[in-house]
Amino acid sequence: MKYLGLVFLFVFSFNLSRAVEGMLIPTVLEAFESDMKAMGMKLSAKDIFDANNASIKDAIMHFGGGCTSELVSSKGLLLTNHHCGYSQINSHSTLENNILKNGFWAKTLNEELPNKGLSATRMVNIVDVTDRVLEGTEELSEVDAQRKIQANIARLKAEYSKDNHYDAEIKPFDFGNSYYLLLKETFLDVRLVGTPPNTIGKFGGDTDNWVWPRHTGDFAVFRVYAGQDNLPAEYSEDNKPYSPIHFLPISLKDKKDGDFTMVFGFPGRTEQHTISTELDYIINDLRPAQIRMRDESLAIINAAMRQSEYTTLQYASKQARIANAWKKWIGQIDGLKRANAVQLKQEYESNYLLQSETNDDWKQTYEAVVDQLVLLTEKYKDLDFAYNLFIEYTYVGAEFMKQARSLKSLIDALDEGKSEDEINELKQKLIGGAENFYKNYDPRVDKAIFEVQSELYRRYLATELLPNALLNQDLIKLSNNIFRKSILTDEKRWVKFIEKAGKSSPKKIRRDPGFVLFNQLDKIFHEKLLDGLRAYYGAKNALMKTYVKGKYEMFPEDKHWSDANGTLRVTYGKLEGSIPRDGMKYTPYTTLSGIIEKYNPGQEDFDLLPRMLDLYESKNYKGYDQDGELWICFTGSNHTTGGNSGSPVINAEGHLMGLNFDRSWESTMSDFLFDADRCRNITVDIRYVLWVIDVYGEAGHLIQEMKLIKN
Ligand code: ARG
Ligand code: GLU
């Protein structure tokens, strides 16, 4: 009997997912090398990350500070997601030359399109500098210790960026239990080389976003340019394609269930240590309100976009940004509820308490920390709520607030009596930015958003946190006033005001209904929110630092990893499907025939251009297929989050299998709680990417640049 149990256990665990939680700092990979090898990896930790020799990390670039991208040719060719390059693609699109709609492929280097403000950053080195950052802080009070830490950081940064063109940044990990130095090389000339049309790059749209099965060709092609010396340089016609230290070969090999996969990129933020009380507040109070605010804006934007192609161009990128988090949040709270996440956290916290009581030192340091965190959360959750909705209302809601915010700098400067030169410089900046802003601004859309959002904001916030303008006035009257008279809601009024701005302007603008409202909001933020928020986040960070330290110390057998914080990480797993719910199974890959199945002419999320249908009919796969099927996307058990978009999914040999771009609906909770059985990342297969470039886009010259590894 006992024997049988063992066999059963073996077979059972063999079938279980080997999804591995955690986003590893590349410098600690050696400790995981044998586990990774056991899962099939043929590389060494040094092949992946080596500060002194070429390694895979040299092919990975932080794209625009938000997404990930990877170099795939000796001439700086860079792949990332379509949705990562979306605002650039959007900005190059006009009604006459609509590359969102039709796609774009540069035939020569000369046709590649520059992108102001876009950068790509390589990690030169990552160094654990904890000891040196904390040096001399042992005996100090909290305040003095913080001061000492800042001084140590400044000194270290100067030391590491001396005599080179790199930037040094030092970030806290695990709430300041450790510190890492990140040495970076940032390229400033990144050009658009090619993009599929939206009907490929955004196929499935918001309907399919965060969902499996998926058929999105979510990729775009860029190129990094450098100066004559191959070093980063501002955009110039004379720049030449960057010659990288390493670029990823591309695997055209057949894939199968269970293949080793590794995702290398810049995950933005996870909050694995959130305590039960806070998670409960997020699930039941905060997220529902945030979702509701966005529901209302999205309904307005979506309707407007449906009515006109022009409005679609104006709002495509903004809509995608608002909708993305909105839909993720819905999936996230659904998953967290289903998984009983709050209860699981409570159980963990009870266990933590018990463990702390087994030893006097632990008892002293850790016994009270969870209770203190609970009290702190209770005390400040209303404030946190108000702050988060303030962000929704003034940063994600009506856009004239953005204009008010930038105008404030000029008004303050005038109030302070700054020099004429300084004033003129500010004015130029504001006038310069106006065209870009108003080009994509439809006051009718903004007015409707303002009205629904204001209504909700009034309902959600306590009276003492509401501006008078919202409290004492008929909302529609206020809105009519703002959109008829405010200089913020009309380009001509804006430019005229700024051009003429002088001593009397501060007085004048204080009669502008839009600015008045913004000013009141801003004042409330500074007078009634800011101090409390500082106190809250400061105290929370200090307690979390202790709480997490206790996890490392009291549970050394558990696997610990530092929350994502926008720094380079490795996660590994394998190509596999999942069983997200009882009676439901996700197979691990999708194919071209699924695109045709979803095809729904006239329905924007699932429309196709005729070329796709023709190519499907002719089965023109040009060898990019596997047994007669063209794979589109596949899932894997890699722990990823926002920021991992565009990350290379790398195989056992270090070759590119595809581009990570999403998670399945059931996985969106993984920012708080990772469930190995359910959490899957979604990747667009590199063979589909190449097929779109080569066959659909007829841009075979780009394929020539790449290094292909065939069966
Ligand atoms: N969900 C993916 C991510 O978080 C892709 C979003 C882009 N697509 C969209 N329909 N908004 O970025
Ligand atoms: N699409 C996400 C991004 O922009 C990645 C998906 C995720 O959050 O896992 O980074």
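Quick look at the overall build of the chain
- On a plain count of helices and strands, the chain comes out with 26 helices and 21 strands.
- For 711 residues, the compact-globule estimate of 2.2 N^0.38 gives 27 Å, and the chain sits close to it at 27 Å.
- When each of the 711 residues of the chain is scored for burial, the buried share is 56%.
- Contacts spanning at least 24 positions in sequence make up 78% of the contacts within the chain whose residues lie at least 6 apart.
- Carbon together with sulfur atoms contributes 50% to the accessible area of the chain, which is approximately 31500 Å² in total.

Points about the packing of aromatic side chains
- Per the counting criterion, the structure on display carries 25 aromatic pairs.
- Both rings, one in Phe400 and one in Phe483, keep their centres 5.7 Å apart while their planes meet at 85°; by these two values the pair is edge-to-face. Of this pair, Phe400 sits in helix H15 (residues 400-415) while Phe483 is found in helix H19 (residues 475-485), placing the two residues 83 residues apart along the sequence. Both residues of the pair, Phe400 and Phe483, count as buried.
- Taking the ring centre of Tyr315 as reference, the NZ or CZ of Lys318 above it sits at 4.2 Å.
- Above the face of the Tyr696 ring, Arg611 is positioned so that its terminal group lies 5.6 Å from the ring centre.

Comments concerning the pattern of salt bridges
- Under the criterion given, the structure shown has 38 salt bridges.
- Here Glu705 makes a salt bridge to Arg223, at a shortest N to O gap of 2.9 Å. Taken together, the residues span a long stretch of sequence, with Glu705 in helix H26 (residues 700-705) and Arg223 in strand E9 (residues 220-226) at a distance of 482 residues.
- With a relative accessible area of 1%, Arg223 lands in the buried category.
- Put simply, Asp685 and Lys255 hold a salt bridge, and the shortest N to O gap is 3.0 Å. Pair noted here: Asp685 is in strand E20 (residues 681-685) and Lys255 is in the loop between strand E11 (250-251) and strand E12 (260-265), with a separation of 430 residues, a long-range link. An identical accessibility class is assigned to Asp685 and Lys255; each is buried.
- The structure contains a network of salt bridges with shared partners spanning Lys57, Asp58, Arg122 and Glu185.

Section: the site of ligand 1
- Surrounding ligand 1, one finds His83, Lys202, Gly205, Asp206, Asn209, Trp210, Ala320, Asn324, Ser645, Phe661 and Asp662.
- Within the contact set of ligand 1, a nitrogen atom lies 3.0 Å away from a side-chain nitrogen or oxygen of Asp206.
- Across the complex, the protein chains shield 91% of the 350 Å² of accessible surface that ligand 1 would expose by itself.
- Listed by contribution, the elements that provide at least two residues to the shell around ligand 1 are helix H9 (205-208), helix H11 (309-338) and strand E19 (656-663).
- In terms of residue class, the shell around ligand 1 is built from three nonpolar, five polar and three charged.

As for the state of the cysteines
- For the structure on display, the rule yields one disulfide.
- Between the sulfur atoms of Cys67 and its disulfide mate Cys84 the distance is 2.2 Å. On the sign convention where negative is left-handed, the bridge of Cys67 and Cys84, at about -80° about the S-S bond, is left-handed. Here Cys84 lies in the loop between strand E3 (77-80) and helix H4 (86-91) and Cys67 lies in strand E2 (residues 67-71), a separation of 17 residues in the sequence.

Overview of the side chain of Asn81
- Its location among the elements puts Asn81 in the loop between E3 and H4.
- Exposure remark for Asn81: the relative accessible area of 0% places this residue in the buried category.
- One polar contact links the side chain of Asn81 to the main-chain amide nitrogen of Gly646, over a distance of 2.6 Å.
- Contacts of Asn81, omitting those with residues within four sequence positions, involve Asp218, Phe219, Ala220, Ser645, Gly646, Leu659, Asn660 and Phe661.

Overview of the nonpolar core
- Phe400, Leu407, Phe450, Tyr457, Trp494 and Leu517 are the most contacted members of the largest nonpolar core, which totals 84 residues.
- Among the elements that take part in this core, helix H22 (residues 513-554) stands out by supplying 14 residues, more than any other.
- The residues touching Leu517, leaving out its near neighbours within four places in the chain, are Tyr393, Phe400, Met401, Phe450, Pro467, Ala469, Leu470 and Ile482.
- By size, the runner-up hydrophobic cluster in this structure holds 73 residues, among which are Ile56, Phe203, Phe219 and Ile686.

Brief notes about the site of ligand 2
- Lining the immediate surroundings of ligand 2 are His83, Trp210, Thr640, Thr641, Gly642, Gly643, Asn644, Ser645, Phe661, Asp662 and Arg663.
- Here an oxygen atom of ligand 2 and a backbone polar atom of Gly643 are 2.5 Å apart.
- Between ligand 2 and Arg663 there is a distance of 2.5 Å, counted from an oxygen atom to a side-chain nitrogen or oxygen.
- Protein burial of ligand 2: of its 300 Å² of free accessible surface, 92% is covered by the chains.
- Looking at the shell around ligand 2 residue by residue, the classes come out as two nonpolar, seven polar and two charged.

Focus: the packing of helix H12 (residues 341-356) against H22
- At a closest axis distance of 11 Å, the pairing of H12 and H22 adopts a crossing angle of 70°. Classified by the interaxial angle, the pair formed by H12 and H22 is roughly perpendicular. Between H12 and H22 lies a crossing of left-handed hand. Judged by residue contacts, Tyr348, Glu349, Tyr352, Gln355 and Ser356 of H12 engage Thr546, Tyr547, Gly550, Lys551 and Met554 from H22.
- A class-by-class count of the residues in the contact of H12 with H22 yields four nonpolar, four polar and two charged.

A look at a positive patch on the surface
- Positive charge collects at one region of the surface, where Lys496, Lys500, Lys507, Lys508 and Arg511 lie side by side.
- Elements represented by at least two residues in the positive patch include exactly helix H20 (491-500) and helix H21 (505-509).
- Looking at the element boundaries, Lys496 is found in helix H20.
- Judged by its relative accessible area of 52%, Lys496 is exposed.

Regarding the packing of helix H10 (residues 276-307) against H12
- Running from amino to carboxyl end, H10 crosses H12 at an angle of 170°, the nearest separation of the two axes being 9 Å. Here H10 is positioned roughly antiparallel relative to H12, judged by the angle of their axes. Counted together, Ser276, Leu279, Asp280 and Ile283 of H10 and Ala341, Val342, Lys345, Gln346 and Glu349 of H12 form the full contact between these two elements.
- Its residues assigned to classes, the contact of H10 with H12 comprises four nonpolar, two polar and three charged.

With respect to the pairing of strand E7 (residues 178-187)
- The element E7 is extensively covered by neighbouring structure, given that eight of its ten residues are classed as buried.
- Where strand E6 (residues 167-173) folds back onto E7 in an antiparallel hairpin, the turn is made up of four residues, including Asp174, whose phi is positive at roughly 50°.

Concerning the side chain of Arg294
- Looking at the element boundaries, Arg294 is found in helix H10.
- The exposure class assigned to Arg294 is buried, which follows from its relative accessible area of 8%.

The rules behind the values
Residues numbered from 1 in each chain as written. Chains lettered and ligands numbered in written order. Predicted model: local features only at pLDDT ≥ 70, side-chain atom pairs only at ≥ 80, totals over all residues. Heavy atoms only, no water. Helix = DSSP H or I, 4+ residues; strand = E, 2+ residues; numbered from the N terminus. Rg over C-alpha atoms; globule rule 2.2 N^0.38 Å. Buried < 20%, exposed > 50% of the residue type's maximum accessible area, 1.4 Å probe, protein only. Contact = heavy atoms within 4.5 Å. Areas by Shrake-Rupley, 256 points an atom, 1.4 Å probe, with all protein chains shown as cover. Phe/Tyr/Trp six-rings, centres within 6.5 Å; stacked < 30°, edge-to-face > 60°. Lys NZ or Arg CZ within 6 Å of the ring centre and 35° of its normal. Salt bridge = Lys/Arg side-chain N within 4 Å of Asp/Glu carboxyl O. Near = heavy atom within 4 Å. Polar contact = N/O pair within 3.5 Å; in protein donor to acceptor, adjacent residues only side chain to side chain. Nonpolar A, V, L, I, M, F, W, Y, C, P; charged D, E, K, R; others polar. Disulfide = S-S within 2.5 Å. Core = buried A, V, L, I, M, F, W, Y, C linked by side-chain atoms within 4.5 Å. Axes fitted to C-alpha atoms, helices over the stretch in contact; angles between N-to-C directions. Parallel < 35°, antiparallel > 145°, perpendicular 65-115°, else oblique. Left-handed = near helix turned anticlockwise from the far one by under 90°. Patch = residues over 30% accessible without salt bridge, like charges linked within 9 Å, V, L, I, M, F, W, Y side chains within 5 Å. Lys, Arg positive; Asp, Glu negative; His and termini not counted. Charge placed at Lys NZ, Arg CZ, Asp CG, Glu CD. Pairing = 2+ DSSP bridges.

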